[in-house]
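Report on the structure
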Amino acid sequence: MVMHKMTFAMNKHLLIFNLIFVTYLKVVSSENSIEEDNDTQGRYLIEGKVFPADHPFTPPNWQASTQLHVNGGEYIGFVKEDGSFIVHNIPSGSYILEVLHPEFSYEQVRVEINSKGKFRARKVNHIQTSAVVQVPYPLKLKPLGKTRYFQIREQWRITDFLFNPMILMMFLPLLLIMILPKMLNDPETKREMEQIGSLTKFEMPEVSDYVTNFLAGTSQTQHAKKNAKNKKRQ
Amino acid sequence: MATNKLQSKRFKWSLDSSKCSKLSSINESALPAPPAYSTSGVLSSGEVAKKTDASHLIMKKSWEVALAPIKQVPMNLFIMYMAGNSISIFPIMMVGMLFMRPIQALFQLNGTFKTVENSSVIGQKIVYIFGNLVNIGLALYKCQSMGLLPTHSSDWLAFVEPRVRQEYIGGGIMFS
Amino acid sequence: MIATKNFKYIFLIYLFNISYCLYEDQIGKFDWKLNYVGNVKFGTIDSTKRVIVATEENVIASLSLKNGQILWRQVLENPALNQIELLHVDKEVITVSGGKGTWYVRGWDSSSGSLLWEWSFYMENKQRPYWILSKGQLVHIIPVLGSHIEITSYDVHNGRNNGKTMKISTPWVTDLSKCQTAGVYWTCISTNDSSGQLFYTDMLSSANQVRTFPIQSLIGSAPGHIEIKPLESGDSNLFLIRNNVARLLKLQPEAPHVYPYSLSDKAVTAFNGDQTLLLQTIQNSPTNKLTIQTIELQEGTENVFEMDYTNEAGVANIVSAVCKGTACRIFVKSNDNSVSLLQLPGGKVSWTREEGLSQVVAVEFFELPLSELDASIEHEFDSISGDIFSTFYNRIFSQIRQLLVVLSGQQGDSNIGMVRDEFGLHKIIVVVTASGRLYGLDSMSGNIVWSQYLKGVEGFSVLGKLSVPLFVQRSARYSPLMAQCAALMKDKITGHGVMYTFDPITGQSIGNIERLPYQIEQAMLLPYEDDKHMKGLLIMSDNYEVMVYPSSAKPVLLKHASSIFFYTAGSKSKILQGYNLVHSTTDSLKATPTWTLNLGPADLIAVNVRPSSERVHSQGRVLADRSVLYKYVNPNLLAIATLMDDPIHKQVLSIYLVDGVTGLVVYSAAHKRVGKPVHLVHSENWLVYSYYNARFRRMELATVELYEGPTQSNSTSFSSHAVSQLPHPQTQAYIFPGTPLAMLATLTERGITNKHILIALSSGAVTEVPWAFLEPRGPHGTMNMEEGYIPYIPELPIPAEATINYNQSIPQVRGIQVAPARLESTCLVLVYGLDLFYTRVTPSKTFDLLKEDFDHWLIAIVLIGLIVASYITKRLASRKALKLAWK
């Protein structure tokens, strides 16, 4: 239980944000405490309109398959025939509203209702909680696009194959091998090549020579001695 | 016997060329060179002609062979530098070559020195082995710098067996 | 700044693309989904061949009368707080739902299920009101005991408050169990016997006259308990029930009319032209027969139909019925919450929906037995004769037999059945529902293989959730020994423990249902098998006695008593207690308390342990300098979350990691100003938990990873008693832009595959988050990035590609269960909530399988082509060489 004192170290990034937005948070927290006290007082409704995807992609009966979740399903709204919706019975506070549709994705919106019943809708920014980018209220929610759940299968294309670096690396030397000998068949180029060869040719004393000479000197004397010995024996 | 023949052939050949060189030294300006005749070749043959000792030639040849691995060192260093430390197919192939060549050479040690059959090739052999070892060392260094050598504990992590548990625990939140 | 952020996201999306790979053509290939509406509370067959149902799960749906399929379904608010209280089907479907003073009145289009209108109101009075809907008027009644009732009537379409609130003095309302609404009447009886009075008053008329009649005068005097119950879907009809015999009254402004039939209280009216038909099921019929009685209300002609209806759960209650002439369609609900449509006079069951499966409380995956063919090969190794010749003979013989089977082509039949496949992907899923029915589901198709109803039992209530612990005592690996599974429940009446053992493959019960003479406090499966490969079940009773089932496991337990430990966590007592079994003797088993952890005023909200079958392959983490940080993999670690109300910080969430053997608190952390929902996932050496950060108003995921350090204190065995130093924790928190309903980590056979966290979101999606994203980067990670490490981003993305259930949303998810396949890369997942969704996930892609779209033909053609080409070129080359030689 001693360990209880150990508080969870928040991430550095978050801490920075903490420092910056402490003032803002204080305001919010006081607001929260007020709203809890007056829990029973104000019940508000969030209203707006959901737009389906543009005409050719409008799914049939999309109204029935669209739902609005406020704070992860704490409050639920349904879409009427014309796309309008009302989420009822919401006490003042800050809420995240999301449109759920299995095929289309919509952007989340944060709706703030203050204790006087004033509404403000803004873009959701979880990191910079004080950065307010307002969006019009009543809400107008348009789909971002069709939700891409699937990966697209890669199709085999000849260009992909040809521009593959491995293929390039294999074919270029092959081409060189095939074409260079043809070029060399030409007598003039041959001569040129030779000239280049003779130009670059220069004499380098070989190490092995040195070593041989160095060693040979000793060995020859040895040979001489041996010979001398042999002669003596004879 | 074969070597003797070879030597005799060589003598013949060197004799011819020396004569030739003498001729050329006399009549160089007067006569044009015959077709397909290169002066540089004559020059070298002239040098060889000076060292008529057969054993000297063999020695030279054997030292050439013995020193070949060491001569490769700068080239290998250059290859290593060019290959970089990233692990991909070409650097790996290069490293493989760096390893394979000296090892193969060491295995064919006797084969390489057979052509220069002589009683005293031990020195050359030692130099040759040394050169190849240097090359292997270089390859090892390359592996090390590429991180291919299992020298760290992390390289053996996959072989660490999960520990056997001594106690078993069961239970949960009370049902009543 | 923005550019780098975007870049990071692109990078992440790229990574996600690496780890998820469901292609559009794979829809339904590995997954199936069963859709349910829930436990039917109200149901009405409407005029256009549809059944409109409202359920306990706060769902309103329309079922096809033809085949029972869901035509549309609308999931309303959280059923724990909101319930549908009224369903009225007319031209449109009207529902009144809500709870705790918040009420929603909604009108739905009965053909499409879209919302037509809605309004809502909030009452400060949190008491559950009574509702009457008649002639476009919604009447909301709140009785005040002994004094008056408050009546508020609204226009049902727009909520206009017509007559304001009225108060009628009703001093006779003393007990709400004696009051009901019947049609437009509010009615009560004064006492529960024949001497009482029946009061009723019309709620819609402005006069509000109260009528009073003595019960004796209506149904005569006889001893017995009297109850009243409205006749469902009948207008202003009321039952007076005495001794299970119901008499029907028609309440009228002047005096009630009493019909001369004795009925069951489960009768339903059906309109048959002008005639009103009364339908009722007669209870005392044999289990596979159902007797339905129809009575014409005016004329009194009775008809009795007997039909086949096999459901051992018993009595089918009529929910709704519609008749045309003599042909009736009857919508019935059984005790196991399944609903069926019956047809009269043919007496045929048109369809049945197993709605019990919408209330799954426990799930377990079971391996299937080997096919007979494979089993015969296995048997070969059973006989340890050691003789080379006999084993050789056996081998040849079984191979020949195998060949014969393959040649005769009989293999097909046996393989279709419930036998193990090569990769262990085919399993049986045993599911226990709240209604007390057990189902065996085929993991390939979702078909019900078997089902078994247990009467009079219910699950345990653990932290407000029903729970039925399932224990795998023996897997199907040891054929011919049967697999065995034990389920623990409690008796509905006495609360005593009930143990049901069964074969999970066939669903047959093994022995009888064992009714234990005590309440079960906790239970654990022993880790050791007896000589018949059976793992014993250790049960602790409410007076802390310890029992072992079956008794053959007792010697095994005694042998290993020193290594078995036990713990209990009291959600009420807020005390964690550890026990050992060292002091057990052959006569009596004894659990001795070893440690206690008092949680103080904090509420226990979650306890999580690592799955017992989990294996940790990699024992450490490789750092940037290529040294190893060894993981602290403690199999006895309990992860505990508590929530405490705090005057300053509102709520404080505490997380503890406690060694269950010694009671040592290995790690603890506290978060201020956070709240529910809290979910814990503990796996390997890490813990992930989610909570709501009330300060920043966002969901967050926090992760803790425990490391032993650069060296292992003991590399061969792990003992909780050998503590040299506390592990080093690394922590990190992330913003999670969704609301988790359930969380679980994937599980694979050998633990080589990466781990993903499966998170069921309130939006109906089940998403995968790779552990690599959540891994605490810590001081080791941030200083010098290790290869393959993902840079820290405060907000985790939830890409759509990571949704394992793609567009098949699963509402009200209650849990996720995973099981490893025999294929290392693959993990089987069942998500259960209102619906059941099964799929496979491959956290590291299917690295041990060839890709699905692997082109066998292409590679074969290329290979053959190359061989042919090499031969041809060889010939050509030799010819050319020959030609050159002739030149």
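Thresholds applied
- Residues numbered from 1 in each chain as written.
- Chains lettered and ligands numbered in written order.
- Predicted model: local features only at pLDDT ≥ 70, side-chain atom pairs only at ≥ 80, totals over all residues.
- UniProt positions renumbered as here; feature names shortened; annotations may be inferred.
- Helix = DSSP H or I, 4+ residues; strand = E, 2+ residues; numbered from the N terminus.
- Contact = placed C-beta atoms within 7 Å.
- Nonpolar A, V, L, I, M, F, W, Y, C, P; charged D, E, K, R; others polar.
- Pairing = 2+ DSSP bridges.

Under an unreviewed UniProt entry, the name given to chain B is ER membrane protein complex subunit 4, and the source organism is Pyrocoelia pectoralis. Of chain B, the UniProt comment under Subunit (unreviewed entry) reads exactly: "Component of the ER membrane protein complex (EMC)." Check the Sequence similarities (unreviewed entry) section of the UniProt entry for chain B; it says "Belongs to the EMC4 family."

The name an unreviewed UniProt entry gives chain A is ER membrane protein complex subunit 7 beta-sandwich domain-containing protein, with Pyrocoelia pectoralis as the organism. In its Sequence similarities (unreviewed entry) section, the UniProt record describing chain A reads: "Belongs to the EMC7 family."

The next thing to look at is the UniProt feature "transmembrane region" (unreviewed entry) in chain A. Per the UniProt record, "transmembrane region" (unreviewed entry) is found at residues 161–181 of chain A. The distance from the first to the last C-alpha atom of residues 161–181 of chain A is 28 Å, and the span holds 90% helix and 0% strand.

Glancing now at the interface of chain C and chain B. Between chain C and chain B, the contact holds 41 residues from the first and 20 residues from the second. Elements that contribute at least two residues to the side of chain C that touches chain B include exactly β35 (460–462), β41 (520–529), β44 (564–569), β48 (620–622) and β56 (717–718) of chain C. The residue inventory of the side of chain C that touches chain B, partitioned by class, reads 20 nonpolar, 17 polar and 4 charged. Direction of pairing for strand β1 (residues 164–165) of chain B relative to β56(C): parallel, over a ladder of 2 bridges. Considered in β56(C), the bridge of Arg165(B) is made with Phe718(C).

In this assembly, 50 residues from chain C lie in contact with 43 residues from chain A. The element best represented in the side of chain C that touches chain A is strand β52 (residues 665–672) of chain C, accounting for 6 residues. Of the residues that constitute the side of chain C that touches chain A, the class distribution is 20 nonpolar, 20 polar and 10 charged.

Here we take up the UniProt feature "domain: ER membrane protein complex subunit 7 beta-sandwich" (unreviewed entry) in chain A. Within this structure's numbering, the places UniProt gives as "domain: ER membrane protein complex subunit 7 beta-sandwich" (unreviewed entry) are residues 59–169 of chain A. For residues 59–169 of chain A, the helix share is 9%, the strand share is 41%, and the end-to-end C-alpha distance is 50 Å.

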